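Commentary on secondary and tertiary structure
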Amino acid sequence: VLGQERDPTRQAALLQTLQHGVQRAGAVLTQVLVLSRLDATGLNAANAAHDLIPAATTTTVDLGHLLRDRVEAHAMRAIDTGHDLGLACGPSVQVHANAALLHTAIDNLIDNALRYCPTGSRIDVAWGEQDGVAWWAVEDDGPGIPAQDQERVFKRFERGAGALDVAGSGLGLAIAREVARQQGGSLRLEATASGRGCRFVMRLVGAIAR
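A short tour of the structure in this document, coming up. This structure is a prediction, so every number in the text was calculated from the model and none was measured.

With that out of the way, let us pick up a nonpolar patch on the surface. Taken together, the side chains of Leu-15, Leu-18 and Val-22 make up a nonpolar region of the molecular surface, amounting to roughly 260 Å² of accessible area. Following the sequence through the fold, Val-22 ends up in helix H1 (residues 8-41). Judged by its relative accessible area of 53%, Val-22 is exposed.

What follows concerns the sheet that holds strand S7 (residues 198-204). A sheet is described by the order of its strands in space; here five strands give the open sequence S2-S4-S5-S7-S6, paired in mixed fashion. Sheet topology places strand S2 (84-87) and strand S6 (186-190) at the edges, where each strand pairs with a single neighbour. Across the sheet, the axes of successive neighbouring strands diverge by a mean angle of 20°, strand direction being ignored. With seven bridges connecting them, strand S5 (residues 133-140) and S7 associate as antiparallel partners. Each residue of the ladder has a partner; that of Glu-139, found in S7, is Arg-199. Across the sheet, helix H4 (residues 172-182) touches S6 and S7, and the angle it forms with S6 is around 130°.

Glancing now at the packing of aromatic side chains. Counting across every chain of the model gives one aromatic pair. Here Phe-154 and Phe-200 contribute two aromatic rings whose centre-to-centre distance is 6.0 Å and whose plane-to-plane angle is 80°, an arrangement assigned as edge-to-face. Pair noted here: Phe-154 is in the loop between S5 and H4 and Phe-200 is in strand S7, with a separation of 46 residues, a long-range link. The exposure class of Phe-154 is buried, given its relative accessible area of 6%.

Let us look at H4. Burial of H4 is extensive: nine of the eleven residues sit out of reach of the surface. Along H4, the residues that are buried comprise Gly-172, Leu-173, Ala-174, Ile-175, Ala-176, Glu-178, Val-179, Ala-180 and Gln-182. Gly-184 sits one or two positions beyond H4 and adopts a positive phi of about 80°.

Let's shift gears to the environment of Val-153. Inspection of the secondary structure puts Val-153 in the loop between S5 and H4. We classify Val-153 as buried; its relative accessible area is 7%. Expressed as a C-alpha distance, the spacing of Val-153 and Leu-189, which sit 36 residues apart in the sequence, is 9.8 Å.

Attention shifts here to unusual backbone geometry. Residue Asp-131 is not a glycine yet carries a positive backbone phi of 55°. Turning to its location among the elements, Asp-131 is positioned in the loop between strand S4 (122-130) and S5.

Moving on to the pattern of salt bridges. Enumeration according to the criterion identifies ten salt bridges in this entry. Between Asp-111 and Arg-77 there is a salt bridge, with the nearest N and O atoms lying 2.6 Å from each other. Here Arg-77 lies in helix H2 (residues 63-81) and Asp-111 lies in helix H3 (residues 99-116), a separation of 34 residues in the sequence. Accessibility expressed as a relative area gives 16% for Asp-111, which makes it buried. The partly exposed category is assigned to Arg-77, whose relative accessible area is 30%. A salt bridge links Glu-178 to Arg-181; the nearest nitrogen and oxygen atoms lie 2.6 Å apart. Pair noted here: Glu-178 and Arg-181 are both in helix H4, with a separation of three residues, about one helical turn. For Arg-181, a relative accessible area of 52% corresponds to the exposed category.

On to H3, then. Along its 18 residues, H3 runs 26 Å from first to last C-alpha, staying within 8% of the 26 Å computed at 1.5 Å per residue. N-cap assignment for H3: the residue whose side-chain oxygen lies 3.1 Å from the backbone N of Ala-100 is Asn-98.

This brings us to the side chain of Glu-178. The exposure class assigned to Glu-178 is buried, which follows from its relative accessible area of 11%. Within the structure, Glu-178 has its side chain in polar contact with the side chain of Arg-181 (distance 2.6 Å).

This brings us to the environment of Leu-14. Among the structural elements, Leu-14 can be located in helix H1. Separated by twelve residues in sequence, Leu-14 and Leu-2 have C-alpha atoms that sit 6.1 Å apart. In contact with Leu-14, other than residues within four places in its own chain, are Val-1, Leu-2 and Glu-5.

Quick notes on the rules
Residues numbered from 1 in each chain as written. Predicted model: local features only at pLDDT ≥ 70, side-chain atom pairs only at ≥ 80, totals over all residues. Heavy atoms only, no water. Patch = residues over 30% accessible without salt bridge, like charges linked within 9 Å, V, L, I, M, F, W, Y side chains within 5 Å. Areas by Shrake-Rupley, 256 points an atom, 1.4 Å probe, with all protein chains shown as cover. Salt bridge = Lys/Arg side-chain N within 4 Å of Asp/Glu carboxyl O. Helix = DSSP H or I, 4+ residues; strand = E, 2+ residues; numbered from the N terminus. Buried < 20%, exposed > 50% of the residue type's maximum accessible area, 1.4 Å probe, protein only. Pairing = 2+ DSSP bridges. Axes fitted to C-alpha atoms, helices over the stretch in contact; angles between N-to-C directions. Contact = heavy atoms within 4.5 Å. Phe/Tyr/Trp six-rings, centres within 6.5 Å; stacked < 30°, edge-to-face > 60°. Expected span 1.5 Å × (residues − 1). Polar contact = N/O pair within 3.5 Å; in protein donor to acceptor, adjacent residues only side chain to side chain.

Put into structure tokens, the structure is as follows:
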């Protein structure tokens, strides 16, 4: 269609549509590759040497510093989309983990909140330690997820009924949960104090560095 269009104004609009489509396709493909390599390698260092899945190097990570870095990375997008993205104060929590994989999981949960919450929504990122278990969470005051969809959204290519009009792959939560599993932890959707929105919490069992 673009090749047949002769109106310069119309050409520009069609080109922009094409570029957005290519970007969306590229983002979906990247998520598919990440999930496929997580499946195939199981964090096997010999097979994981790829840009999308860094080698299975466990290091001591300051959870608060990592979360702050990822919130700062998404700050301009939040401003552009009219979201109130912030980082709560938390204690110093050092964990043994693959920082690159945690980075991927954090980005996916923040991206989900920015993508599916309406303009003006509040998104809070927090972390802490409870009963010897490190945790971090992304919580929003958006429309939330219906009870019947709350477990289904963690499955690959599945999206809640309220998300069908928003561009997305349905892979972000599946990847984040797989990261949690491979780090010996869990990722769950929990009730918020207000009863509105979503609160995704990742717990890293046995990961605290003493």
